[in-house]
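# Examination of the molecular architecture
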Amino acid sequence: GAVVSQHPSWVICKSGTSVKIECRSLDFQATTMFWYRQFPKQSLMLMATSNEGSKATYEQGVEKDKFLINHASLTLSTLTVTSAHPEDSSFYICSARRQGAYEKLFFGSGTQLSVL
Amino acid sequence: QKEVEQNSGPLSVPEGAIASLNCTYSDRGSQSFFWYRQYSGKSPELIMFIYSNGDKEDGRFTAQLNKASQYVSLLIRDSQPSDSATYLCAVNMAHRGSTLGRLYFGRGTQLTVWP
């Protein structure tokens with residue numbers, strides 16, 4: 001089956017630091033990856049769409065300068081939370097769409113970010 | 001108006017019963033609909049997807065879609081305690097662009113199946 005690996009699974013950092021989260025498709029090429037954020041007892045909120053080799057498309061209200069997305073290859077996308085603050089503490093999840101798999105998404109295991 | 005709405009629950013059913021989960025969406029042009037299951041602290045896993053009006057069955061799960069009413073549901077037959085989780089409805093909304101896989105999720109319905 002299609003496997004998406006996301007690292008780290010959890011991270012604690014001080015306010016003002018930057019945190020990078022990696023999302024890798026291990027056994028397929030992902031033309032498109034998506035980044036979501038989920039607060040406790042809330043739904044997944046789509047943050048951005050990442051296409052390999054091009055700039056990410058951000059959803060309304062998501063600061064592109066704060067949430068830097070890089071999709072340098074067909075198997076890797078990264079999300080960097082710059083100058084993190086406590087309000088950025090959340091569960092971040094990536095998903096990947098496999099080439100030719102229409103709209104089926106495969107999710108990473110998520111990253112719990114806690115900013116002190 | 002929220003774009004994808006679900007009753008947050010909790011929904012509690014006894015083991016062996018049918019659990020019915022409902023979802024409505026705002027974009028009449030939406031074409032594809034998904035049900036995901038999410039355990040606490042874990043990422044979602046796909047249960048079913050449906051594109052056409054009517055019913056789609058897969059094992060104990062049946063998805064129902066009514067585009068005229070902008071309504072999609074998930075029925076779980078012979079519910080088991082292991083089905084206890086949060087069920088997320090997701091929609092690929094046409095008005096948000098045609099990027100495949102760009103899904104918008106409801107808040108989820110928490111289901112508890114008690115033995």
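Preceding this paragraph is the structure being described.
Reading the values: rules and limits
Each chain carries its own residue numbering, running from 1 in the written order of its sequence. Each chain is given a letter, starting from A, and each ligand a number, starting from 1, according to the order in which they appear as written. Totals for whole chains, interfaces and linings use all residues, but because this is a predicted model, local features are given only for residues with pLDDT of at least 70 and pairs of side-chain atoms are given and counted only at 80 or more. The side-chain numbers reported here are obtained from all heavy atoms of the structure, hydrogens and water having been left aside. Residues are said to line a cavity or pocket when one of their atoms sits within 4 Å of a point; the points come from a 1 Å grid over protein atoms alone, cavities being sets where a 1.4 Å probe fits but cannot get out and pockets being open sets with protein on both sides within 12 Å along at least five of seven lines. Grid points are joined across faces, edges and corners, and a volume is the space filled by probe spheres set on the points. Helix and strand assignments follow DSSP, with helices taken as H or I runs no shorter than four residues and strands as E runs no shorter than two, numbered in order from the N terminus. Only Asp, Glu, Lys and Arg are considered charged in this grouping, and only Ala, Val, Leu, Ile, Met, Phe, Trp, Tyr, Cys and Pro are considered nonpolar; every other residue, Gly among them, is considered polar. Buried Ala, Val, Leu, Ile, Met, Phe, Trp, Tyr and Cys residues that are joined via side-chain atoms within 4.5 Å together make up what is termed a nonpolar core. Think of it in three bands: with a 1.4 Å probe and only protein chains considered, a residue is buried below 20% of the maximum accessible area for its type, exposed above 50%, and partly exposed in between. Any two strands are treated as partners once DSSP identifies two or more bridges connecting them. Axis definition: a line fitted to C-alpha atoms, limited for helices to the stretch in contact. Angles are taken between N-to-C directions and run from 0 to 180 degrees.

Our focus in this paragraph is the layout of surface pockets. Its volume calculated, the largest pocket comes out at about 570 Å³. Along the walls of the largest pocket sit 20 residues, with Gln38(A), Pro40(A), Lys41(A), Gln42(A) and Thr86(B) positioned nearest its centre. A total of 3 residues in the lining of the largest pocket trace back to one element, the largest contributor, which is strand β9 (residues 85-92) of chain B. Grouping the constituent residues of the lining of the largest pocket by class yields 6 nonpolar, 11 polar and 3 charged. Looking at the second largest pocket, its volume works out to about 480 Å³. Looking at the second largest pocket, it is lined by 20 residues, and the ones nearest its centre are Leu44(A), Met45(A), Glu3(B), Tyr104(B) and Phe105(B). Counting residues per element, the ones that place at least two in the lining of the second largest pocket are β4 (30-38) and β5 (45-51) of chain A together with β10 (103-105) of chain B. In the lining of the second largest pocket, the residues fall into 8 nonpolar, 6 polar and 6 charged.

Another point: the nonpolar core. The nonpolar side chains of soluble globular proteins are, as a tendency, buried together. By size, the foremost hydrophobic cluster in this structure holds 39 residues, and its most contacted members are Tyr36(A), Trp35(B), Tyr36(B), Leu74(B), Tyr87(B) and Phe105(B). Of all hydrophobic cores here, the second largest spans 27 residues; its members include Val19(A), Met47(A), Val81(A) and Val115(A).

Residues and elements named next belong to chain A. An order of β1-β3-β8-β7 is seen for the 4 strands of this open sheet, with the pairing classed as antiparallel. At either end of the open sheet lies a strand with only one pairing partner, and these are β1 (4-7) and β7 (67-73). Adjacent strand axes in the sheet meet at a mean angle of 15° when their direction is disregarded. For strand β3 (residues 19-25) and strand β8 (residues 76-81), the ladder comprises 6 bridges, and the chain directions are antiparallel. Across the sheet, residue valine 19 finds its bridge partner in β8, namely valine 81.

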